[in-house]
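These are the residues of each chain, in order.
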Amino acid sequence: MGKAYTIRYIMKCLNKYIKLKILISMYLISCSGEYDDSTMLEEAIYDNEILKPKIQIYQEHNKIIYATANKLFKDEGKDAILIGNVISDFYNENGAHISTLYSDSAIVENFSNNLRAFGNVKVVSDSGYTLFSNKIYWNNQYKLVTSDDSVMFTNSYKDTMYGVGFESDIDLTHSKIFKPFGVVKERKKND
């Protein structure tokens, strides 16, 4: 009876695996070249699914990120995947709030605590700068926000710069736009 049970168990697992591969293949075939990363991530099977998660990331004893989302998916030892209405608040080494990141989805890397955000990404700094893009990468070790995608960057005077590629600290005060183009409004000397 032990061998029969083992064979049935293996067949059951194979059937689940084959059905999952067929489902993913059908989904990929039905797409017209463009697909929603968050939908693909959500359709995969994970060990853990948490609704309305709240994540706090610390460096030494200082909170540096507080993130919320509609859902969190995670496999043991793997990156955490945040889906839907992702809001990540960033703090400096003194614990003061410095900016907020909004996105459709994000991945928090398991060992580095780096964060990759995707879809309708918007970073609003407390210093008056705003960054828009489709994807960004937050490097926790170097405290840098980077993007190799198209970006729109505005300041408190509503000056707007566009470009492809971006690098900045998380409060957006020391920024570089690679391949820039845009409009800067002329201000009166009083401004």
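Above: the structure in question.
To keep things clear, this report deals only with the structure shown in the data block. A quick note: this is a predicted structure, and the numbers were derived from the prediction, not measured. (Residues numbered from 1 in each chain as written. Predicted model: local features only at pLDDT ≥ 70, side-chain atom pairs only at ≥ 80, totals over all residues. Heavy atoms only, no water.)

Looking at the packing of aromatic side chains
Note the following rule: Any two of the Phe, Tyr and Trp rings considered here, Trp counted by its six-membered ring, make a pair once their centres fall within 6.5 Å; the pair's planes then place it as stacked at under 30 degrees, edge-to-face at over 60, or tilted in between. Per the convention used, a helix needs a DSSP run of H or I reaching at least four residues, while a strand needs a run of E reaching at least two, with both numbered from the N terminus. Here's how the labels work: a residue is buried when its accessible area is under 20% of the maximum for its type, exposed when over 50%, partly exposed in between, all with a 1.4 Å probe on protein chains only. Look at NZ for Lys and CZ for Arg. If either is within 6 Å of the ring centre and within 35 degrees of the ring normal, a charge sits over the ring.
All chains considered together, the criterion is met by three aromatic pairs. Seen in terms of ring centroids, Phe-153 and Phe-166 are 5.5 Å apart; in terms of plane orientation they differ by 40 degrees. Their pairing is tilted. Within this pair, whereas Phe-153 is found in strand β9 (residues 144-154), its partner Phe-166 is found in strand β10 (residues 160-169), the two being separated by 13 residues in sequence. The exposure classification of Phe-153 matches that of Phe-166, with both residues buried. Cluster of aromatic residues (ring-pair linked, three or more members): Tyr-129, Phe-153 and Phe-166. Sitting above the plane of the Tyr-91 ring, Lys-63 keeps its charged end 4.8 Å from the centroid.

Some points on the side chain of Thr-160
Note the cut-off: As used in this structure description, the phrase polar contact means that two N or O atoms lie within 3.5 Å; if the pair is within protein, one of them must be able to donate a hydrogen and the other to accept it, and residues adjacent in sequence are counted only when both atoms belong to side chains.
For Thr-160, the position within the fold is in strand β10. A relative accessible area of 16% means that Thr-160 is categorised as buried. A polar contact is formed between the side chain of Thr-160 and the backbone oxygen of Lys-158, at a distance of 3.4 Å.

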